[in-house]
Amino acid sequence: MDLDVVNMFVIAGGTLAIPILAFVASFLLWPSALIKIYYWYWRRTLGMQVRYVYHEDYQFCYSFRGRPGHKPSILMLHGFSAHKDMWLSVVKFLPKNLHLVCVDMPGHEGTTRSSLDDLSIDGQVKRIHQFVECLKLNKKPFHLIGTSMGGHVAGVYAAYYPSDICSLSLVCPAGLQYSTDNQFVQRLKELQNSAAVEKIPLIPSTPEEMSEMLQLCSYVRFKVPQQILQGLVDVRIPHNNFYRKLFLEIVSEKSRYSLHQNMDKIKVPTQIIWGKQDQVLDVSGADMLAKSIANCQVELLENCGHSVVMERPRKTAKLIVDFLASVHSTGNTKKLD
């Protein structure tokens, strides 16, 4: 073979090897950086733009797609220790003609974290209302969605600010009072009594604990590589002290049952979505809400745990779109099979 041709293949191979080796090195040595790139890529692919808005000196970080129109805007509230990008898997299956807003909850990701902030459920509801006012999102009633802690906040928001919203979707929300505690809640109470706050299962500090948390929250058993588990932990560890403070606040006597105490004040059409195999918050909570909210529709998902948004994003998106269509007569909606 001609020497020049051989040299060409060597050079080409070397050129290709550089980005491949860089990717492998990132995966092995800096998995947390790779996770951030992953979210950046999906936001860009799905057309979600990141913006900041301020209430006095308090910064809110959010992502959005689309503009307000004749259909209700949708505000999405994430769960404990998550961030706005957790909704990307659902956004992927939502019609592009909807105005979507995903906000980082108080103290999370790009939203201000202050030692003076009120992290109780009431405090978070007030902060989200400030965000809504900043964006003038309530110029026209909007649809509010929340999952887990975000569902707790969303439900109380609907009770406190009924004129702001036109409808509500609660995805396995926290904040309900059960007659009997499930295994997870019993374990939490034991930890609280022993003051072992560093052992809260929802605040992992090792790859092994991260794997256990994923198994607790998901019915589907995801096979996550060790490097990715390490990356997920690396991203969280700098925030774990805040997460512990937040967790103790939202399970305190002041906040623990805020949704339960206010659910009969929710007057807008409401959708409840819950995984039947939820090990964190028992699915019987759906029936409690249905009995207290006059216009309530319940959707229970088979073979699904607490992480509904992650486990069943396509189904979740379809349920939301169908619910909005039935409640607001939005006409033709994009079919989601």
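Scroll up to find the structure.
Rules behind the numbers
- Residues numbered from 1 in each chain as written.
- Predicted model: local features only at pLDDT ≥ 70, side-chain atom pairs only at ≥ 80, totals over all residues.
- Heavy atoms only, no water.
- Helix = DSSP H or I, 4+ residues; strand = E, 2+ residues; numbered from the N terminus.
- Buried < 20%, exposed > 50% of the residue type's maximum accessible area, 1.4 Å probe, protein only.
- Contact = heavy atoms within 4.5 Å.
- Areas by Shrake-Rupley, 256 points an atom, 1.4 Å probe, with all protein chains shown as cover.
- Arc of directions from axis to C-beta.

Trainee: For this particular structure, what's the right way to read the overall build of the protein?
Mentor: Helices and strands together make up the secondary structure of the protein, namely 13 helices and eight strands. Each of the 337 residues in the protein was classed as buried or not, and the buried ones make up 50%. The long-range fraction of contacts in the protein, counting pairs at least 24 apart against all pairs at least 6 apart in sequence, stands at 73%. Of the roughly 16700 Å² of accessible surface on the protein, 55% is carried by carbon and sulfur atoms.

Trainee: Looking at this structure, how should I read unusual backbone geometry?
Mentor: One can expect most non-glycine residues to show negative phi and most peptide bonds to be in trans. Its identity is not glycine, yet Glu56 carries a phi of approximately 55°, on the positive side. As for its position among the elements, Glu56 is in the loop between β1 (49-55) and β2 (58-65). The phi angle at Ser81 is positive, at roughly 65°, despite the residue not being glycine. Tracing the chain through its elements places Ser81 in the loop between β3 (74-77) and α3 (88-91).

Trainee: It is not clear to me how helix α6 (residues 183-193) should be interpreted in this structure. Could you clarify?
Mentor: Helical periodicity: at 3.6 residues per turn, an α-helix aligns residues three or four positions apart in one direction. Those residues of α6 not exposed but buried are Phe184, Val185, Leu188 and Leu191. Down the axis of α6, the smallest arc covering the buried residues is 120°, so these residues share one side. Exposed and facing more than 90 degrees away from the buried side of α6 are Gln183, Glu190 and Asn193. Where α6 is buried, its residues contact α7 (207-217) and α9 (240-250).

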